[in-house]
Each structure stands twice: as C-alpha cells, then as structure tokens.
Amino acid sequence: MDASQLIQKYYRLDKLPHIWCPGCGHGILLNSLVRAIDNLGLNKDEVVVVSGIGCSSRAPGYLDFNTLHTTHGRALAFATGIKHANPNLHVIVIMGDGDSFAIGGNHLIHACRRNIDITAIVFNNNIYGMTGGQYSPTTPYGDLAATAPYGNPDSPFDICQLAKGAGATYIARGTAYHARELDKLIERGIKNKGFSLIEGLSMCPTYYGRKNRKGSAVDMLKFFKDNCIDKRLVDNNPQLGEGKILIGELYKSTRPEYTESYKAIIDKLKE
Amino acid sequence: MENKKELILNKEWCKGCWICVEFCPKQVLDMKDGKCQIVNLEDCIYCQLCEIRCPDNAIYIKTVGGNDHD
Amino acid sequence: MTNGQNYILAQGNEACVEGALAAGMKFFAGYPITPSTEIAELSAQRLPQLGGKFIQMEDEIASMAAIIGASLAGVKAMTATSGPGFSLMQENIGFAAMAEVPCVIVNVQRGGPSTGLPTSPSQGDVMQAKWGSHGDYPAIALTPNSVQESYELTIKAFNLAEKYRTPVVLLMDETVGHMREKLILREEREIEIINRKKPRVKPEEYIPYKADEDLVPPMASFGEGYRYHVTGLAHDETGFPTNNHKIAGQLTERLVRKVKLNIDDFSYYEEYRLEDAETVIVAYGGVSRSAMLAIDRMREQGRKVGMFRPITIWPVLEKELKALSGRAKEIYVAEMNLGQYYLEVDRIAGKRCPVKKINKVTGELITPDEIIDAIDGGK
C-alpha cells in the first residue's frame with residue numbers, strides 16, 4: 001500500500017492537518033505506527049488507540065480506529081481496563097514523556113510488571129510542549145526549559161532501562177529520523193504477547209529546540225542521525241556505542257501475560 | 001500494466017518545516033512563501049525520503065496503475 | 001432456601017457485590033481500602049467464576065480509569081473505595097461524566113478528613129459525591145441503610161448508569177458496609193435489568209454523541225465496528241474536540257439536564273411514621289436506623305415525630321423536601337458530618353420551617369438517645 005492509500009485508509013482526513021507545530025516529530029512517529037499496523041494487517045475495528053494528555057495525546061484523534069483520549073498520565077490504566085475486558089482488541093497507547101513518566105509513571109511501571117498485552121509508544125520530545133516548554137522527566141541535566149531558566153537541576157530517566165527494570169517484555173527505541181526502522185520496531189512490539197514499550201525520539205523545535213539552541217527540525221533530525229547507533233552494531237563492537245544513544249530492539253523476554261493468566265483462571269474454574 | 005509513480009504535494013497540509021527539502025538527495029524540492037514546492041521533478045528518483053520524514057503527510061509518492069501487491 | 005426464597009446472612013459490602021452481579025457486573029477494578037475492601041475481595045472471588053474479570057490496580061486513579069476502559073469495551077463495570085480513594089478517583093469520575101461512560105463507584109464512607117478514622121463510620125463525603133470533580137457535571141448518588149438495600153440499590157445504580165450513561169455513586173457508610181443482616185437474593189426474573197442503548201444505525205451513520213429525545217446518546221462498544229472518538233475535552237456530537245463555546249456550553253448543559261429532568265425516574269425515599277409528624281428527622285444511611293429507634297421511643301411518649309429518609313441523595317429531592325418543609329413544624333437533619341445534607345434541606349425549606357442540625361464526627365454512629373436529647377435540648 002502506498003502512502004496515499006495509507007492516508008486514505010487510516011487517517012480521519014477531515015481532521016488533518018494536525019495541530020502539531022511545523023517540524024514537530026510526532027507526525028513522523030504516527031506514520032510509523034500506521035505503517036506498522038498496515039504491515040500486520042490488523043482489522044481496524046479491533047484496534048484501539050488510547051492516549052493521555054499533551055501534544056502526543058492528540059494523535060488518536062487523527063486515526064480511524066476506536067480512539068480514546070483520556071486524562072493526563074492515565075492512558076495505560078484506561079487501556080488496561082479495555083484489554084482486560086476484551087482481550088481480542090489490539091490496544092495501543094500513545095503517550096508523551098511527561099505523560100508517561102511523570103504523572104503516569106506509576107501506571108507505567110505496573111503495566112510493565114503486569115506484562116499485559118498492550119503496546120505503549122512514548123513520543124519523547126524531552127519537554128512539555130502543550131503547556132509551553134517546561135522540563136520533563138527526560139529533559140537532560142542542565143538543559144533549559146520554561147521552568148528551568150538556570151538549567152535543569154533534575155536528572156532524566158532512561159525510559160527503556162526503567163521499563164526493563166519494571167518487567168516489560170519487549171523494549172525498543174527508535175527516532176523520527178530512523179522512521180523506517182521504527183515501523184519494524186512497532187510491528188514487533190504489537191506482535192509481542194505482553195507489554196511492549198517503544199520509545200520514539202521526537203523533536204520539539206518550538207520549545208526544546210529553540211530554548212536549547214538545537215537548531216531547526218532538520219538539525220534535530222540530523223542530531224538523531226549522527227548520535228544514534230543500532231544496538232546490534234554495538235553488541236559486536238562496544239566501542240562504537242561510546243557517547244551514542246542506542247536504538248533498535250533493546251530487550252526481549254518471555255513471561256506470563258496478564259490476560260492469558262486470567263483466562264487460565266476462568267477456564268480452571270469452569271472445570 | 002506498468003506502475004507509474006507520482007510525487008504528490010499537498011500544500012494545504014504543508015507547514016513549511018524544511019525537512020523534505022533538506023533530506024531530498026536530488027534537490028527536487030524548495031521552499032517558497034513558507035510552503036514546499038517541487039522545483040526539479042525530472043531529477044526525482046521516488047526514493048520516498050521526503051515521504052517518510054514529512055510529519056504532515058504533505059508530500060508522498062503515489063503509485064498509479066498496475067497492481068498493488070503490498 | 002425457604003419458601004422459594006434464597007437468603008443468606010451477609011454484610012452490606014457483600015450484599016453490594018451480590019447486587020452488582022445480579023445487575024450484570026462483569027468487571028471490577030479496585031485498590032484495597034478499609035472499610036470497603038470486602039467488596040474487592042468478594043468480586044475477586046466471584047467474578048471469574050462467572051466469566052467476569054477482576055483486577056487489582058496500582059491505585060484508585062487507575063481503578064477508576066480501568067472501569068471506564070472496560071465499560072467502553074462493552075461490559076458493566078464497578079469500583080469500590082472509601083474517602084481517600086474516592087478523592088483520588090475524582091478526576092476520572094469527571095471524565096466518565098463528560099465522555100458519558102456508564103459505571104458504578106461505591107464509596108463506603110469512613111471518618112475524614114484525610115486518612116481520618118479508617119475503621120469508623122462517617123457521612124463526610126456527601127458533598128464530595130456531588131461536587132468532587134471539577135466543573136459542572138451530573139451526579140447521581142444512592143445511599144442505603146440496610147444490607148438488603150445495599151443489594152437493591154447496587155442493582156439500581158447499574159441500571160441508572162446504563163440508562164443515563166453516567167457514573168453513579170453508591171454512597172454507603174461503614175455502619176451499613178460492615179453490619180450483618182438477612183439478605184434475600186432475588187430470582188433473576190424478579191430483577192429489572194437496564195442495559196445501555198445501542199446504536200440502531202450503521203457505523204457510517206453513527207453520530208456518537210448525538211442525543212436522542214431523552215438527552216442520552218446511544219452507545220457503541222469498542223470493537224463493534226463503530227470506530228469513534230472519545231475524549232474528556234469539550235466535544236461536539238461527533239465526539240471530536242471543539243473550541244466552539246456555544247457547543248461546549250450546550251454539552252455541559254445537556255449532561256446536567258439529562259439527569260435533572262429525569263429525577264422523577266429515580267426519586268427514592270422512605271417515610272417513617274410521617275403521617276402526622278410535626279417534628280421531622282431527615283436521616284439517611286446508618287443514622288436512619290438510629291433515627292427510627294428514636295422515633296419509636298418518642299412516639300411511645302405520644303410525640304408526633306417521623307422520619308424522611310432520602311435514598312436518592314443526589315440529585316437532591318427538591319420536590320419532596322419542599323413539601324415536607326411545608327407540613328412539618330421543624331426539621332432536624334441528623335448526619336455523621338458537620339452539616340452537609342443540612343445545607344440542602346435548609347436551602348429548600350427556606351422560611352417554611354426551621355431546620356436544625358444533629359451532627360457527630362467522632363467516628364461513632366449517632367445513637368437514638370443522642371437524637372432524642374438533641375430534639376429535647378432544642379425545646
């Protein structure tokens with residue numbers, strides 16, 4: 001299916017263009033999700049896309065699926081209810097970095113722990129964009145933000161490490177520059193029977209970029225190109241990874257999935 | 001029937017972010033009055049680098065005719 | 001089993017679960033908190049036996065979110081908590097009201113504020129049940145005073161949630177939640193069950209937030225082929241966000257009106273020895289049990305005392321309370337808080353009759369003696 005067909009099939013055309021700023025990476029990540037869903041051949045009626053609050057949260061509104069725009073940080077908790085109630089649905093959650101790791105941090109680690117079959121995609125642009133550029137749990141130490149006028153005194157999370165520690169069974173990182181690769185990472189995340197977390201590095205030229213002199217959207221994409229390296233290359237040659245951001249499939253494991261475990265209980269009680 | 005590829009630009013959706021212009025390997029695109037424009041179509045190799053990094057679905061390659069086996 | 005009736009000795013909390021199951025509950029999400037925990041425990045035991053789902057979430061915020069998600073996926077869902085958890089749920093209760101997602105929230109009230117008196121009864125959350133979430137939204141809250149009524153009202157709570165597509169609060173208190181009484185489990189055929197209205201049009205014709213004449217829009221479940229958008233933002237009939245002030249205002253007004261206009265459909269109350277009563281005690285929940293005893297004793301002394309017990313606590317029973325204040329010489333509102341429902345009764349009574357308070361916030365039930373003393377002390 002070519003791009004024009006994908007747009008026709010999966011977007012709510014009357015809602016476009018989307019509200020994101022010029023050069024915002026979110027639109028690129030969203031297209032990756034659309035291609036991943038198309039590659040997997042999922043039935044649109046069986047896909048639910050859930051979001052929280054923030055720039056990222058507007059994504060589901062543009063997509064022609066069952067879509068749910070919830071409260072700040074709580075997308076995974078709503079999604080857990082949907083998936084547990086009807087495990088036949090493919091539940092995909094789009095969250096921002098503040099949404100998922102600040103206000104929603106508790107829900108995130110517990111979704112990881114529960115290993116419920118939900119695919120979470122974090123649109124990480126290192127800033128609260130919707131409210132005007134305040135620092136988030138992924139804003140690097142020392143960087144500037146509307147609430148860090150003298151440099152961020154807080155240290156950021158490594159989202160993927162946190163998810164691994166909490167028990168997610170598929171973890172990957174991609175970027176808006178490496179969009180084609182991101183398609184595959186999301187695809188594998190959806191296929192994983194368990195909780196999958198995909199960190200998508202996005203760019204916010206309007207707030208994070210401007211405040212920190214990171215240049216234009218183009219410059220920020222080039223930063224991803226120059227500073228990210230696929231984990232497989234580093235596995236073979238650790239030196240290559242020095243000072244770089246690891247991308248690609250970072251972790252995969254197998255353990256009991258929540259809704260299957262629950263189904264086993266129901267089945268056993270029927271005996 | 002042979003597939004024919006077309007470069008489609010939807011100026012209504014273009015926000016003028018320059019990403020497509022900068023990442024086009026053949027300098028097919030330019031920016032005018034805050035919108036992308038196709039200035040050198042004959043050099044287009046339909047590599048889709050503009051398409052996959054356009055955040056706004058404003059520029060993409062359309063396959064016309066033939067069968068779509070995707 | 002006796003006389004064809006199936007009865008057990010049960011707690012109010014257990015009766016609530018039995019009522020929920022009778023109403024068709026298929027999903028429960030919750031977080032342990034005294035004095036509501038038995039509701040979660042029994043749901044965890046009973047739901048999977050019936051093919052339903054239980055989940056213990058990481059907190060009450062998540063529990064509220066999960067039941068909204070489950071309801072959108074098409075199943076009847078409930079959560080149960082007490083004051084601190086009820087506070088945490090408020091944001092998502094507002095979401096359920098705004099997005100019109102049927103669900104039931106049980107609050108077994110304990111002493112507050114804050115962590116307060118975890119194992120003691122209170123009625124301190126009456127106003128919170130109405131005004132707890134931000135903005136104007138419809139509130140339906142029912143309050144039982146017995147084990148049997150906990151069962152009956154839980155069924156009604158589900159029915160109202162489904163009928164009006166709104167969150168419904170079952171406002172219990174520790175007294176009712178933990179007391180044990182005979183509970184008659186009714187036959188399936190005896191129970192009226194209301195299910196949410198489904199769309200009668202094809203998916204391409206479905207306008208998800210276009211209300212029918214009853215002001216309630218038909219509701220499709222996720223996965224049924226009606227791909228639509230749900231948001232907590234102000235939205236138009238299509239369900240998508242709008243910045244149109246007129247449409248946003250109309251939405252808020254419709255949400256409130258769909259409940260307010262239908263109040264006669266669920267104006268539940270009990271009158272006890274009220275026929276010739278000059279002194280009326282307004283009491284609800286656990287306190288009403290003390291009030292009835294106090295009335296019996298005062299009646300033995302030949303005093304004309306009766307009780308009006310609101311069962312539907314929200315929306316307030318304007319019509320009934322107005323009539324009551326017109327025929328009573330005095331009204332006492334007895335409640336385990338510092339005068340919350342009193343504010344409504346006093347407002348409605350206006351100058352028609354004096355309204356006085358009998359309050360207690362020690363974490364103990366108001367006793368019949370205390371009610372009698374308060375009334376006598378007022379003489």
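Quick caveat: nothing in here was measured; it's all calculated off a predicted structure.

1. Thoughts on helix α1 (residues 3–10) of chain A
Step number 1: Those residues of α1(A) that sit buried are A3(A), S4(A), L6(A), I7(A) and Y10(A). Projected down its long axis, α1(A) carries its buried residues within an arc of 160°, all on one side.
Step number 2: If you follow the buried residues of α1(A), they end up packed against α2 (26–40) of chain A together with α2 (49–53) and β4 (59–64) of chain B.

2. Things to note about the state of the cysteines
Residues and elements named next belong to chain B.
Step number 1: Taken as a whole and judged by the stated rule, the model has zero disulfides over all chains.
Step number 2: The thiol sulfur of C50 is not disulfide-bonded, and the nearest other cysteine sulfur, from C47, lies at 6.3 Å.
Step number 3: With a relative accessible area of 9%, C50 lands in the buried category.

3. Concerning the arrangement of the chains
Step number 1: Out of two pairs of chains that touch, the pair holding the most contacts is chains A and C.
Step number 2: Between chain B and chain C there is no contact; the minimum C-alpha to C-alpha separation amounts to 20 Å.

4. What to know about the sheet that holds strand β16 (residues 355–359) of chain C
Residue and element names in this part refer to chain C.
Step number 1: Strands sit in the order β11-β13-β12-β15-β16 across an open sheet of five strands; the sheet is mixed. The outermost strands of the open sheet, each flanked by one partner alone, are β11 (269–272) and β16. Pairwise comparison of adjacent strand axes, ignoring direction, gives a mean angle of 20° for this sheet.
Step number 2: Where strand β12 (residues 279–283) meets strand β13 (residues 305–310), four bridges bridge the pair, whose relative direction is parallel. When the bridges of β13 are listed, I281 appears paired with M307.
Step number 3: Helix α9 (residues 286–300) rests against β11, β12, β13 and β15 (330–335) of the sheet, and its axis sits at about 165° to β13.

5. What about the interface of chain C and chain A?
Step number 1: At the interface, 37 residues of chain C touch 37 residues of chain A.
Step number 2: Taken together, the two surfaces of chain C and chain A that pack against each other cover about 3100 Å², and 62% of this comes from carbon and sulfur.
Step number 3: When the buried area of chain C at its contact with chain A is split by residue, E58(C), F222(C) and R227(C) rank highest and sum to 23% of it.
Step number 4: The interface formed by chain C and chain A includes three salt bridges.
Step number 5: Inspection of the region where chain C meets chain A yields 16 residue pairs in polar contact (both at pLDDT 80 or more).
Step number 6: When residues of the side of chain C that touches chain A are traced back to their parent elements, those giving at least two are β3 (53–56), α3 (60–72), α4 (83–99) and β10 (229–231) of chain C.
Step number 7: Looking at the side of chain C that touches chain A element by element, the count peaks at eight residues for α3(C).

6. So, the pattern of salt bridges
Step number 1: Tallied over the full model, the rule gives 43 salt bridges over all chains.
Step number 2: The closest approach of N and O atoms between E199(A) and R173(A), which form a salt bridge, is 2.8 Å. You can see E199(A) sitting in strand β8 (residues 196–201) and its partner R173(A) sitting in strand β7 (residues 170–175), a full 26 residues away along the chain. Residue E199(A) shares its accessibility class with R173(A), and that shared class is buried.
Step number 3: As a salt-bridge pair, R186(C) and E152(C) come within 2.8 Å of each other at their nearest N and O atoms. Note that R186(C) is positioned in the loop between β9 (180–185) and β10 and E152(C) in helix α6 (residues 147–164), a separation of 34 residues in sequence.

Analysis parameters
Residues numbered from 1 in each chain as written. Chains lettered and ligands numbered in written order. Predicted model: local features only at pLDDT ≥ 70, side-chain atom pairs only at ≥ 80, totals over all residues. Heavy atoms only, no water. Buried < 20%, exposed > 50% of the residue type's maximum accessible area, 1.4 Å probe, protein only. Helix = DSSP H or I, 4+ residues; strand = E, 2+ residues; numbered from the N terminus. Arc of directions from axis to C-beta. Contact = heavy atoms within 4.5 Å. Disulfide = S-S within 2.5 Å. Pairing = 2+ DSSP bridges. Axes fitted to C-alpha atoms, helices over the stretch in contact; angles between N-to-C directions. Buried area = accessible area lost by both parts, 1.4 Å probe. Salt bridge = Lys/Arg side-chain N within 4 Å of Asp/Glu carboxyl O. Polar contact = N/O pair within 3.5 Å; in protein donor to acceptor, adjacent residues only side chain to side chain.

It is worth stressing that arrangement in space is one thing and function is another; only the former is reported here.
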